[in-house]
Amino acid sequence: MKRLGAIRAYIYRGTVVCVNAFVLVVLTLMGNLLSTDKNGTGSVMEKLDIVRQIYNDKILGRNVINTSGIADSFFLVNIGYDREMVTAVDEFGIPAGERPVVNRERLARFLKSIDGGNYKSVILDVQFFKADAGEADLVFFATVNSMPRILVSQNNDDDAEDAILPDKLASSEYNISLDENEFVKYRYDHGDVKDMALATYNLRNNCDVSLAGFFPADRGRLASGTLALWMPYRIESGYDAEGEKTYYNLGADLLDVYSPEELADLVSGKTIVIGDYSGGDDHDTYTGTVAGPVILINAVIALEQHRHIINWWWMSIFFIVYLFLTIMLIYDPVLLLPKRWRKSKIWNLILTGLSFGTIILALNVVMYLCTGVIYDIYFPILWLTVLYVIKDNYDTIRRCLCVAVKRVKRRFHIPNNQKI
């Protein structure tokens, strides 16, 4: 009977350990539901960025990403130097001069030139306001509304232009909160409004993926709806190291040089990304200042490289580590060492210095260097911390609960032998 009782005790403890490890894996996956960086993920990624590049370039002998492949897949159009002047008004609506806005006539000409072409999709990462109205508006909005596979940046401002059809609009907002100084996470779910990067991914791959909900999926595979965005594709200037153009200026490089037929051939088979690459739409990120359209391109790349898909091989490693951490939580870590090592001051010091956050962070760093994916470990660390506090103060907590129960019984005149 004693042996049977011991077996049951081992089974019970093993079940508790496995269940807790499974809960920690779920909490790890739920960390990417947070739209903002709650655990210093961006700071870690900033420090590891150079290490990751050295690891890929020097050790593995390959570039982080094939930039020539990006040029074959994406066609970048800069509207930063293509402006027209509109009337500027003060807070009372009185004309106060002029101000520059994107030239809608040139945009309309370019879009009409490629309309009917064999492009994959068009991202128009430009927001439009009623106050920016110009002479070419009717032609421009008619062209946008008639084009297939085009997405226009949604604008939630009260002065937002309402001439664009709702099915053409997509969100291109980047999550930054009061406790963040820079962009870290990209969210692919915006409720009723489709996301620009996800919608582009769907158009480029002829699919209809939605990354909404607690456990989103991509064609039957469990995925993350938010990613701490790895940004391997970056633009330092208008030309790359080989002297090739990284983007084309709308007027000087395209409309003034190519015919409509040549423009249609130039963008054939590509996703056209129209936006400001010359400093007018820059965002602070952990890699430095990055143009908004480049963030969108990297968000699309992350989807096409399946970084949003849950890697179950790595999750199994997390599960094993969480088993180890749970056992450390229940038992004295020193007792887990072989007998000949237990008296070693070095091993005792190492185990004493280990913390839940340190171990999980180290595993997260290795995963990031190998896969480019990193998880927000806010939830699992919080869960382990709560369990540790409960275990370390178990007698005090139990005594406080007993006192609270007695007070409730006295308050409501419940006999002591009666359970609440």
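Here is a short report on the structure shown in this document. Since the model is a prediction, treat every value here as computed from it, not as a measurement.

Here's the deal with the overall build of the protein chain
Item 1. Helix and strand counts for the protein chain come out as 14 helices and 14 strands.
Item 2. Going through the 420 residues of the protein chain one by one, you find that 43% of them count as buried.
Item 3. Across the protein chain, contacts joining residues at least 24 apart in sequence account for 71% of those joining residues at least 6 apart.
Item 4. Within the structure as shown, the protein chain displays about 22,900 Å² of accessible surface, and the carbon and sulfur contribution to it stands at 57%.

Details of the environment of Lys168
Item 1. Here Lys168 shows up in the loop between β5 (150–153) and β6 (169–170).
Item 2. Along the primary structure Lys168 and Lys194 are separated by 26 residues, whereas in three dimensions their C-alpha atoms are 9.6 Å apart.
Item 3. Once residues lying within four places of it in the same chain are set aside, the contact partners of Lys168 are Val144, Asn145, Met147, Pro148, Ile150, Leu151 and Val152.

Thoughts on helix α10 (residues 312–330)
Item 1. With 19 residues, α10 should reach 27 Å at 1.5 Å per residue; the first-to-last C-alpha distance of 26 Å fits that figure.
Item 2. Those residues of α10 that fall on the buried side of the exposure criterion are Trp314, Met315, Phe318, Val321, Tyr322, Leu323, Leu325, Thr326, Met328 and Leu329.
Item 3. Capping the start of α10 is the job of one residue whose side-chain oxygen sits 3.1 Å from the backbone nitrogen of Trp313: Asn311.

Thoughts on the nonpolar core
Item 1. By size, the foremost hydrophobic cluster in this structure holds 44 residues, and its most contacted members are Tyr186, Tyr188, Leu229 and Tyr277.
Item 2. Elements with a minimum of two residues in this core: β1 (74–78), α6 (196–205), β10 (226–228), β14 (288–291) and α9 (292–304).
Item 3. Residues contacting Tyr277, with those up to four places away along its chain left out, are Leu76, Val77, Asn78, Ile235, Tyr247, Ala291, Pro293, Val294 and Ile297.

As for a nonpolar patch on the surface
Item 1. The grouping of Tyr378, Leu382, Val386, Ile390, Tyr394, Ile397 and Leu401 at the surface amounts to a nonpolar patch, some 610 Å² of accessible area in total.
Item 2. Among the elements of the structure, α13 (378–392) and α14 (394–411) are those that each provide at least two residues to the nonpolar patch.
Item 3. Relative to the assigned elements, Ile397 resides in helix α14.

What to know about the sheet that holds β6
Item 1. As summarised here, the arrangement of the 6 strands in space is β6-β5-β4-β12-β1-β11, forming an open sheet in which the pairing is parallel. Each edge of the sheet is formed by a strand with only one pairing partner; in this case those strands are β6 and β11 (248–249).
Item 2. Bridge count between strand β4 (residues 121–124) and β5: 3 bridges; the pairing is parallel. Pairing of Val122 across the sheet is with Ile150, part of β5.

Observations regarding the pattern of salt bridges
Item 1. Evaluated as defined, the whole model comprises 8 salt bridges.
Item 2. Between Arg83 and Asp276 there is a salt bridge; the shortest N-O distance is 3.1 Å. Note that Arg83 is positioned in strand β2 (residues 83–89) and Asp276 in the loop between β12 (271–275) and β13 (282–285), a separation of 193 residues in sequence.
Item 3. Arg219 is paired through a salt bridge with Asp218; the nearest N and O atoms lie 2.9 Å apart.

Some remarks on unusual backbone geometry
Item 1. Non-glycine residue Asn206 carries a positive phi angle of around 50°.
Item 2. Summarising the element assignment, Asn206 is placed in the loop between α6 and β8 (217–218).
Item 3. By relative accessible area, which is 74% here, Asn206 ends up exposed.
Item 4. The phi angle at Arg219 is positive, at roughly 50°, despite the residue not being glycine.
Item 5. Here Arg219 is to be found in the loop between β8 and β9 (221–222).

Some words on the pairing of β12
Successive residues of a regular strand alternate their side chains across the two faces of the sheet.
Item 1. The buried count for β12 comes to 5 of 5 residues, which makes it a mostly enclosed element.
Item 2. Taking every second residue as pointing to the same face, both faces of β12 are buried, with Thr271, Val273 and Gly275 on one and Ile272 and Ile274 on the other.
Item 3. Pairing geometry for β1 and β12, over 5 bridges, is parallel. Its bridge partner lying in β12, Leu76 is registered against Val273.
Item 4. In terms of strand pairing, β4 meets β12 through 4 bridges, oriented parallel. Bridging across to β12, Leu124 finds its partner in Ile274.

Concerning the pairing of β1
Item 1. In terms of burial, β1 is largely enclosed, as 5 of its 5 residues are buried.
Item 2. Here β1 shows no split at all, with Phe74, Leu76 and Asn78 on one side and Phe75 and Val77 on the other all buried.
Item 3. Judged from the 2 bridges that link them, β1 and β11 form a sheet pairing that is parallel. Its bridge partner being in β11, Asn78 is matched across the sheet by Asn249.

A few points about the packing of aromatic side chains
Item 1. Within this structure, the stated rule accounts for 9 aromatic pairs.
Item 2. Judged by centre distance (4.9 Å) and plane angle (10°), the rings of Phe75 and Tyr248 are stacked. Of this pair, Phe75 sits in strand β1 while Tyr248 sits in strand β11, and the two are 173 residues apart along the sequence.
Item 3. The interplanar angle of 15° and the centroid separation of 5.4 Å between the aromatic rings of Tyr247 and Tyr277 together place this pair among those described as stacked. Placement of the pair is Tyr247 in the loop between β10 and β11 and Tyr277 in the loop between β12 and β13, with a sequence separation of 30 residues.
Item 4. Using a relative accessible area of 8% as the deciding quantity, one classes Tyr277 as buried.
Item 5. A connected cluster of aromatic rings, assembled from ring pairs, spans Phe128, Phe140 and Phe141.
Item 6. We note Arg149 situated over the ring of Tyr119; from NZ or CZ to the ring centre the distance is 4.5 Å.

Criteria and cut-off values
- Residues numbered from 1 in each chain as written.
- Predicted model: local features only at pLDDT ≥ 70, side-chain atom pairs only at ≥ 80, totals over all residues.
- Heavy atoms only, no water.
- Helix = DSSP H or I, 4+ residues; strand = E, 2+ residues; numbered from the N terminus.
- Buried < 20%, exposed > 50% of the residue type's maximum accessible area, 1.4 Å probe, protein only.
- Contact = heavy atoms within 4.5 Å.
- Areas by Shrake-Rupley, 256 points an atom, 1.4 Å probe, with all protein chains shown as cover.
- Expected span 1.5 Å × (residues − 1).
- Polar contact = N/O pair within 3.5 Å; in protein donor to acceptor, adjacent residues only side chain to side chain.
- Core = buried A, V, L, I, M, F, W, Y, C linked by side-chain atoms within 4.5 Å.
- Patch = residues over 30% accessible without salt bridge, like charges linked within 9 Å, V, L, I, M, F, W, Y side chains within 5 Å.
- Salt bridge = Lys/Arg side-chain N within 4 Å of Asp/Glu carboxyl O.
- Pairing = 2+ DSSP bridges.
- Phe/Tyr/Trp six-rings, centres within 6.5 Å; stacked < 30°, edge-to-face > 60°.
- Lys NZ or Arg CZ within 6 Å of the ring centre and 35° of its normal.

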